[in-house]
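Per-entry structural report
Each chain, letter by letter, is given below.
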Amino acid sequence: MNTSSTGSSSTTREFASAKILTQEEQKIMLGTCLDNVRKTTPLVHNITNYVTVNDVANILLACGASPIMSDEPEDVEDITSICGGLNINIGTLHRTSIDGMYRAGAKAASLGHKILLDPVGAGASHLRTSTAVGLMEKIPRSPSSAEIFPKSKHWHLEAERQRVLTQTLPIK
C-alpha cells in the first residue's frame, strides 16, 4: 500500500502517542464544540444509513446544527456546496450511494469542509471494506482536521486505514 502521500509514519506515531483526555478535559472540549455549533448553526450534509437517518437529524438539531440528507449522485455536489460539513456513514451501501459518497467527499474536500467518515461494517464484506478504504484514500483530509482533536485518540487517516485493513475478511 502506498502511504507516502498521507505521511503515514508520522500520523501513526502521533496516533499511538496521543494523549488520552481526562473526563474533565472531555467535558470542556464537548462544551466548547457545542458552543461553537450553536454560534454558527452549520448546515451539515449527511449520507447515512437508513436505520439512523432520523436519529442523526434529531441529534444535529438538538446540538444546534441543521441537517440535510442526500445520497443521490446528481444532487450531492450542490447540497455539499451549501453546507459547512459532511457526514458519511457506510451502513447502507448501494452503487448510487457509493458514487454519491465519492462525489460529496471530493466537493467537501475542495471547499475545505469538515468531513466525518463512519466506516460501519468495514471488514464484514468486500464491498464495505473496499468502500471504506477507497473513501479514506480518495477523499483528502482537510489540513485542519488534526486541529480539532490534536492530542486525543480520534480518527486519523492512517491509523483508521490500518484498523480497517486488519479487521477485514480475506478479499478474493
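Above this note sits the structure.
Residues numbered from 1 in each chain as written. Predicted model: local features only at pLDDT ≥ 70, side-chain atom pairs only at ≥ 80, totals over all residues. Heavy atoms only, no water.

In this structure, Ile88, Ile90, Met101, Leu117 and Leu135 are the most contacted members of the largest nonpolar core, which totals 17 residues. Of all the secondary structure elements, the ones that give two or more residues to this core are strand E3 (85-89), helix H5 (95-111) and helix H6 (126-138). Setting aside chain neighbours within four positions, we find leucine 135 in contact with Ile88, Ile90, Met101, Tyr102 and Leu117. (Core = buried A, V, L, I, M, F, W, Y, C linked by side-chain atoms within 4.5 Å. Buried < 20%, exposed > 50% of the residue type's maximum accessible area, 1.4 Å probe, protein only. Helix = DSSP H or I, 4+ residues; strand = E, 2+ residues; numbered from the N terminus. Contact = heavy atoms within 4.5 Å.)

With that settled, the discussion passes to the sheet that holds E3. Spatially, four strands are ordered E2-E1-E3-E4 in an open sheet, and the strand pairing comes out parallel. Both edges of this open sheet fall to strand E2 (66-69) and strand E4 (114-118), since each of them pairs with a single strand only. On average, each strand axis in the sheet is inclined to that of its neighbour by 20°, with strand direction left out of account. Bridge count for strand E1 (residues 43-47) against E2 is four bridges, and the pairing is parallel. By the bridge assignment, leucine 43 is partnered in E2 with serine 66. Most of the contacts of H5 go to E3, to which it runs at about 155°, and overall it touches E1, E3 and E4. (Pairing = 2+ DSSP bridges. Axes fitted to C-alpha atoms, helices over the stretch in contact; angles between N-to-C directions.)

What is shown is where atoms sit, not what they do.
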